[in-house]
Amino acid sequence: MPTEPLISILIPVYNVEAYLKRCLDSLVQQTYRNLEIILVDDGSTDQSGIICDTYVQRDRRIVVVHQSNTGPGLARNVALNICHGAYLEFVDADDYFEPDMVQTLYEGLVIYQADVAACDNKMLIQSGEIVTRNLDFHNPQIYEKREPLLFNLYTGLLPCEVWNKLFKRELFSRLRFHNLKMSEDLLLWLELSPQLKKVVFLPQSKYYYVLRPKSLTSMQDFIVNAFDDLVVMKKLQTVLP
């Protein structure tokens, strides 16, 4: 039986001590075993860096880089520069996953011969309630043209987040994340789309997005970082009709 290709999981880590163990436990327990898990401790001031080092001792697939704070986009770039996988998956350190998430994404990418495979996600809110996104499709959705893909991503018909998707490594041979705290996912799709021949969106919910009070999506941070949205929107206007 042929060996499964290496998949690199790239995770920026910043002050998520209350969530990080759950995230890492759900990764090391994945049914897809041939993983490289790269944690970039992005200047954490809590116990996150120590937790990362603890998991390195427990699982040889985990690599940790400690650095001064740069933000999630640039931290992902650090991981991109040192990863070895044939496929890439980006993860947020406060989220967690079904045990077969990686396997589901990999099989979807192979079956449909796609450049990117995505799954649906559920949201865990403060009360502990899990909210389902309820996408409008129940079968895999395949996109082979740039315009309908971008339209559905930017209008919210498809999940645009970078963290519930599996990418072919060669897509990032030159592409890197910008130094933005908001809307970086939108800008990534815009710059990624000219390379894409096929993208498949799977209806299975495998990723749990944790909405926490101090996340970048909180209202206070939204107001502070809203300028990033304007930068991205201006970029979109210069490219899209």
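In the block above lies the structure referred to throughout.
For clarity, every value in this text was computed on a predicted model and none was experimentally measured.

Participant: Would you explain helix 5 (residues 146-154) in this entry?
Facilitator: The α-helix advances 3.6 residues per turn, and as a result positions three or four apart in sequence lie on the same side. Leu 149, Leu 150, Asn 152 and Leu 153 are the residues of helix 5 that are buried. The arc that holds every buried residue of helix 5, seen down its axis, measures 165°, which confines them to one face. Those residues of helix 5 that are exposed and aimed more than 90 degrees away from the buried face are Glu 147 and Phe 151. In this fold, the buried residues of helix 5 make contact with strand 8 (141-143), helix 6 (184-192) and strand 10 (199-210). In the segment just after helix 5, Gly 156 is the residue with positive phi, at about 85°.

Participant: Could you clarify how one ought to interpret the packing of aromatic side chains in this entry?
Facilitator: Both the distance between ring centres and the angle between the ring planes are used here to describe each pair of aromatic rings. Under the definition given, this model contains 13 aromatic pairs. Considering the side-chain rings of Trp 163 and Tyr 207, the 4.5 Å spacing of their centres and the 15° angle between planes classify their relative orientation as stacked. Of this pair, Trp 163 sits in the loop between helix 5 and strand 9 (165-168) while Tyr 207 is found in strand 10, placing the two residues 44 residues apart along the sequence. Comparing Trp 163 with Tyr 207 shows no difference in burial state: the two are buried. Ring-pair connections join several aromatic residues into one group, and the members of that group are Phe 90, Phe 167, Phe 172, Phe 177 and Trp 189. The ring of Tyr 55 has Arg 58 sitting right over it, with the charged end atom 4.2 Å from the ring centre. Cation over ring: Arg 76 sits above Phe 177, and NZ or CZ is 5.3 Å from the ring centre.

Rules behind the numbers
Residue indices follow the written sequence of each chain, beginning from 1 at its first position. Confidence filtering applies because this is a predicted model: local features only for residues at pLDDT of at least 70, side-chain atom pairs given and counted only at 80 or more, and all residues used for totals across whole chains, interfaces and linings. Processing note: side-chain calculations cover all non-hydrogen atoms of the structure and skip hydrogens and water entirely. Only protein chains enter the accessibility calculation, which uses a 1.4 Å probe; a residue is then buried when its area is under 20% of its type maximum, exposed when over 50%, and partly exposed in between. Runs of E in the DSSP output that reach at least two residues are strands. Runs of H or I that reach at least four are helices, and both are numbered from the N terminus. The arc in question is formed by the directions pointing from the helix axis toward the C-beta atoms. What makes two residues a contact is simply this: any of their non-hydrogen atoms within 4.5 Å. Classification of ring pairs rests on two measures: the distance between centres of Phe, Tyr or Trp rings, Trp counted by its six-membered ring, which must be within 6.5 Å, and the angle between planes, read as stacked under 30 degrees, edge-to-face over 60 and tilted in between. Any Lys NZ or Arg CZ found within 6 Å of a ring centre and within 35 degrees of that ring's normal is scored as a charge over the ring.

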